[in-house]
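Summary of structural features
Okay, here's what each chain looks like letter by letter:
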Amino acid sequence: MATIGVQHYLVVSAALFSLGLLGVLTRRNAVNVLMGIELILNSANINLVAFSRYGAGNLHGQLFAVFVIVIAAAEVAVALAIVLTLYRLRRTPNLDEVGTLRG
Amino acid sequence: MNAEAVVFYAFATITVGSAAVVVLARSLIYSAFALLFTFFGVAGLYVLLGADFLAATQLLVYVGGILVLLLFGVMLTHKLYDLDLKSSTHQFFPSALLTLVFFLFLASVVWTTRWAQGGERVPAPTSAEIGELFLGKFILPFEAASILLLVALIGAAMIVRRRKDA
């Protein structure tokens, strides 16, 4: 227990992923759902960097994490654009009040 | 407990605790500021894993970019007199139970798996090697990611643009 191994980081990452999933599942506000998605992407990054440190012995995991950060930046920009457009259209930031396509 | 374990548990507590505040706080502003501490905790874990360049990138991109963008999102999707910025939840207890079971499942898998302990990397400065890999072996995904980022940002600006005819 005293020496920190790869599984310690994986457990922290699993906790972060579960909390992010909880945020995505339960929050009504769209910006809060985006925060949950950011938590999930961060947990994936912790996994990649931990494997890069303990498993492979090279830097490919860290490179992958940089790509994940790039994707996260692009994702949050597009998602906020959609949320702002939705707010302009429907005057609500809550996702469950946007049910126009529901049959 | 050696020093590495103490630092690890400190950063892990900061990360997971503030992530719980992000998910459970009633106010959107509290969530956003707790997200700041989560990003700091994750950056600390990166430093502990010997990823100095990635830790700096995490602080620059997440704290400097994404968090500010999210705060703009919070501010722009509420009326100005709506000061409390509440965010209610939806089907909380079934989801909490589901994610708790999911977390326990993941943790048990992590603890029972014998992970390959290959060549453990000695902590050393990484930015020079990352730069060589990006402009050598991984030049194609690097360029593809830069084009994707450009297209996504132009697309985001196009989506929120006010149209004349609307």
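Preceding this paragraph is the structure being described.
Cut-offs used in this document
Residues numbered from 1 in each chain as written. Chains lettered and ligands numbered in written order. Predicted model: local features only at pLDDT ≥ 70, side-chain atom pairs only at ≥ 80, totals over all residues. Heavy atoms only, no water. Helix = DSSP H or I, 4+ residues; strand = E, 2+ residues; numbered from the N terminus. Contact = heavy atoms within 4.5 Å. Buried area = accessible area lost by both parts, 1.4 Å probe. Polar contact = N/O pair within 3.5 Å; in protein donor to acceptor, adjacent residues only side chain to side chain. Nonpolar A, V, L, I, M, F, W, Y, C, P; charged D, E, K, R; others polar. Patch = residues over 30% accessible without salt bridge, like charges linked within 9 Å, V, L, I, M, F, W, Y side chains within 5 Å. Areas by Shrake-Rupley, 256 points an atom, 1.4 Å probe, with all protein chains shown as cover. Salt bridge = Lys/Arg side-chain N within 4 Å of Asp/Glu carboxyl O. Phe/Tyr/Trp six-rings, centres within 6.5 Å; stacked < 30°, edge-to-face > 60°. Buried < 20%, exposed > 50% of the residue type's maximum accessible area, 1.4 Å probe, protein only.

Residue and element names in this part refer to chain B. Among the structural elements, Leu 67 can be located in helix H3 (residues 52-76). It is 14 Å that separates the C-alpha atoms of Leu 67 and Ala 43, two residues lying 24 residues apart in sequence. Excluding its chain neighbours within four sequence positions, the residues that come into contact with Leu 67 are Ala 32, Leu 35, Leu 36, Phe 39 and Tyr 62.

Reports often express the size of an interface as the amount of accessible area lost when the parts come together. At the junction of the two partners, chain A supplies 71 residues and chain B supplies 84 residues. Area buried by chain A at its contact with chain B is led by A:Arg27, A:Met35 and A:Arg53, which between them contribute 10% of it. Inspection of the region where chain A meets chain B yields 4 residue pairs in polar contact (both at pLDDT 80 or more). Elements with a minimum of two residues in the side of chain A that touches chain B: helix H1 (6-26), helix H2 (30-56) and helix H3 (60-90) of chain A. Grouping the constituent residues of the side of chain A that touches chain B by class yields 48 nonpolar, 16 polar and 7 charged.

This paragraph deals with the environment of A:Glu97. Residues and elements named next belong to chain A. Among the secondary structure elements, Glu 97 is positioned in the segment after H3. Between the alpha carbons of Glu 97 and Thr 3 there is a distance of 49 Å; along the sequence they are 94 residues apart. Of note is the side chain of Glu 97, whose polar atom sits 3.1 Å from the side chain of Asn 94.

A surface patch of nonpolar side chains, amounting to about 390 Å² of accessible area, comprises B:Val68, B:Phe72, B:Met75 and B:Leu76. Tracing the backbone through its elements, the reader meets B:Phe72 in helix H3.

Before going further, it helps to examine the packing of aromatic side chains. The geometry of two aromatic rings is summed up by the distance between their centres and the angle between their planes. Applying the stated criterion across every chain yields a total of 9 aromatic pairs over all chains. Aromatic pair B:Phe92 and B:Phe93: ring centres 5.5 Å apart, planes at 85°, arrangement edge-to-face. Ring geometry for B:Phe134 and B:Phe142: centres 5.0 Å apart, planes at 35°, overall tilted. The buried category is assigned to B:Phe134, whose relative accessible area is 8%. For B:Phe142, a relative accessible area of 30% gives the class partly exposed. Chaining the aromatic ring pairs together yields one cluster made of A:Tyr9, A:Tyr54, B:Phe8 and B:Tyr9.

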